[in-house]
2 protein chains.
Amino acid sequence: MSYSPYYSLPMISEELRISLSVKRDDLLPDFLGGNKVRKNRAIFENFGNKVDVIITNGGVESNHARVCALMAAQRGNKCHLVLHGTPEDSNFLNGNRFFIEASGAQVSYVAATEIAETIANIKSHYLNKGLGVEVVPGGGHSIEGAKAYMNAVNELPEEPDYIFLASGTGATHAGIQAGVVARGWRTKVVGISIARLNPRGAEAVEEVYYPLIQQEFGLTKEQCPAIEFVDDYVCGGYSKYSPVLIERIQKAICSTGLPLDPVYSGKAFVGMVDYLKKHQVQGGSRVVFWHTGGLLNLQSSKT
Amino acid sequence: MSYSPYYSLPMISEELRISLSVKRDDLLPDFLGGNKVRKNRAIFENFGNKVDVIITNGGVESNHARVCALMAAQRGNKCHLVLHGTPEDSNFLNGNRFFIEASGAQVSYVAATEIAETIANIKSHYLNKGLGVEVVPGGGHSIEGAKAYMNAVNELPEEPDYIFLASGTGATHAGIQAGVVARGWRTKVVGISIARLNPRGAEAVEEVYYPLIQQEFGLTKEQCPAIEFVDDYVCGGYSKYSPVLIERIQKAICSTGLPLDPVYSGKAFVGMVDYLKKHQVQGGSRVVFWHTGGLLNLQSSKT
C-alpha cells in the first residue's frame, strides 16, 4: 500500500460553506507516515547500485531522520544520522527519538554550525573503507523529494479549486504546485508557513519549484503560477505556538476528528480557515487540506 | 471512510516462513484511530434519542477517553470524564491528554476507588437538570464494543490460520473470536496479554465472549472455541517493559516499518513471533497481526 486515503469532511464543509476533502499523508502506512515517507521513498529509489551507508541530518526529533533511518534499516543498510542538538533535548520515549533508536542508526550529535563539515568527514570515513555512501539532504529537501509530491497529485480524483498544506522547507509545497501544473489544473495551491517568514519562505519553495518545472516540463518562471506562501501563522518560529493558536487548533480537532498538532498541521488548518474567510472564497468551492503528518512532533512543541 | 487498511508484509513473512498480513486499525482515520474508535462508534450508535451528556472513565492517558471525548465534541454533546490519577501525571502535550483537552470535556480526577461513586453522582447531577445522560463503560468494555469487533472480522478478505492481537480488558479479543465463529472459520485467535495474568486474564475475555455468542448465535460455552490468552509478555503489568522487550520491539519496527509501542502492539508482536516459533506453526500459514493502535501511549510507558 503506497497511497494515502482521501475523503470528504461533510461536517466542517457545512460550517465553512465549501466542499472540504482531506488527503491523509499522515496515514501512509509505512515508517509512521507523513510527507517524509513519500520523499525518502523517491530518494531511495534513485540510489546507485552499491549502497552500504546512508547519511542524513536533522533535529533530534526530526521526522525525516526517523523515516530515513527506518527505511535504511529495513533495507539492511547502515544509517548514520547527524543531528543538531543533544540527547538530553528529548526523552527516549518521545515519538521520533524512540523510532530513531529503534532503527539502530548511529547518531552524531553536533551544533547546527557543524553539520556540513561533520557530514563531509563521515562520508570520507566510509568511502575510505571502500563502502558505497549516499547522502540524503536534510528533510529530504531535494528535487527528487519534490517530484514525489508532484506525482502524488495524481492520486487526487478530481480538480480542486484550492489545496492547502503546511509549508516548511518547501519541497512538498513545490512538488504539489508542480503536480497541479502537470495536470493542467487551475487549482490554487496555498502553503501556510510553519516556520519561515517571507520573502525567504517563498524563495525557499521557489528554489525547488523553478528547477523542477524547468526539468520536467521545460517551463520558465514566467510561464507558471507563482508560489503562494502565507506567513501569518508562524507564531514566532518552528514549533512555537500561542495560547490562541492552541485553542483554535483544538476547536478544529473537535470539528474534524483529525490529528492536528501545533507544529505542522494545526498551523496549516487554522491558516486555511482564515484564508477561506478572508478571501471570501466562493460557496461550494472544492478545497483539499493535504495533511502531511507531524503527530509525533506534539512532544517537541514549545511555548 | 470507516474501515482500516489490510495488506501483506512480504519481508517479515519470508523471515518467519509464513504469510503475514496486517490489519491496521491504528490507521482508522477518525479521532486518531485504534480499537476504541470502532467500539465507541458502535456504542454511540446505540444511544437513545435524547443525549446531552456522555460520561465515561479511564486513566489520565486513556485512549478510550480521548476517542469518547472527541466523538462527543463532534456531535455537539457535553462529555464528562472521570479519570483516575492527577493532571500532574502527564504533560498537556502528551498525546492523549492533548486531545482530551482539545475536546473541551470536563474532567474530574479521582482515586481509582472513587470511580463508580463519582460517576453515579455526576449522572444524578445531570439527570436532575433534566438532561439526557449516557454512561459509556470504561475502555468501551461492553457487548456493543465487542460486537464492533465481531463485525470488523468481515473486513478480512480471506480466512487466516491465525489472528494475533494485543489483549487488554478483553472486548476486542472477545469480539474477534466471535467474528471468527460468525464466519464459520477455523482460525485460531491468540490474544497476547498486555497487562493481566491468567486465569483472570482469560476470564475477563470470556465474561464478554460467552454472553455475546449466546446473544448473537444462541451458542453455549461448550459449542465454541475456547479463548486463547497468552500472558508471557506482560512484563510486570500495564505499560511496564524490560530492556529486552524494548530491544525486540525495536527490531520488529525495523523489519516491518510498523509503529509498535511498548504498551500494546509491541508486546503483541513480540508474543506472536515467539508463539509462531514455539508452536512450530506450519510453513506458509496465513497469519494476521491485528494492530489495534496505541502509538499515543509511547509517552506513558514505564520501566
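- Chain A is annotated in an unreviewed UniProt entry as Pyridoxal-phosphate dependent enzyme from Pseudidiomarina fusca.
- Checking UniProt for chain A, the heading Sequence similarities (unreviewed entry) contains the comment "Belongs to the ACC deaminase/D-cysteine desulfhydrase family."
- If you open the UniProt record of chain A and go to Cofactor (unreviewed entry), you find "pyridoxal 5'-phosphate".

1. A few points about the domain arrangement of chain A
Where the parts come together, the accessible area they lose is often given as the size of the interface.
All names here are of chain A.
Logical step 1: Domain boundaries assigned for chain A yield domain 1 (6-34 + 141-300) and domain 2 (52-131).
Logical step 2: Here the C-alpha centre of domain 2 lies 27 Å away from the C-alpha centre of domain 1.
Logical step 3: Taken together, the contact pairs nine residues of domain 1 with eleven residues of domain 2.
Logical step 4: Where domain 1 abuts domain 2, roughly 850 Å² becomes buried across the two surfaces, and 61% of that area is made up of carbon and sulfur atoms.
Logical step 5: Along the contact surface separating domain 1 from domain 2 lie zero salt bridges.
Logical step 6: For the side of domain 1 that touches domain 2, the residue count by class is four nonpolar, five polar and no charged.

2. Comments concerning the interface of chain A and chain B
Logical step 1: Across the boundary between the two partners, chain A contributes 38 residues, which contact 38 residues of chain B.
Logical step 2: Buried area between chain A and chain B, summed over both chains or domains, comes out near 3,300 Å², and the portion from carbon and sulfur atoms is 67%.
Logical step 3: Breaking the side of chain A that touches chain B down by element, the ones donating at least two residues are α3 (63-75), α4 (95-103) and α9 (243-256) of chain A.
Logical step 4: Of the residues assigned to the side of chain A that touches chain B, the class counts are 25 nonpolar, ten polar and three charged.

About the thresholds
Residues numbered from 1 in each chain as written. Chains lettered and ligands numbered in written order. Predicted model: local features only at pLDDT ≥ 70, side-chain atom pairs only at ≥ 80, totals over all residues. Heavy atoms only, no water. UniProt positions renumbered as here; feature names shortened; annotations may be inferred. Domains from an automatic or database assignment. Contact = heavy atoms within 4.5 Å. Buried area = accessible area lost by both parts, 1.4 Å probe. Salt bridge = Lys/Arg side-chain N within 4 Å of Asp/Glu carboxyl O. Nonpolar A, V, L, I, M, F, W, Y, C, P; charged D, E, K, R; others polar. Helix = DSSP H or I, 4+ residues; strand = E, 2+ residues; numbered from the N terminus.

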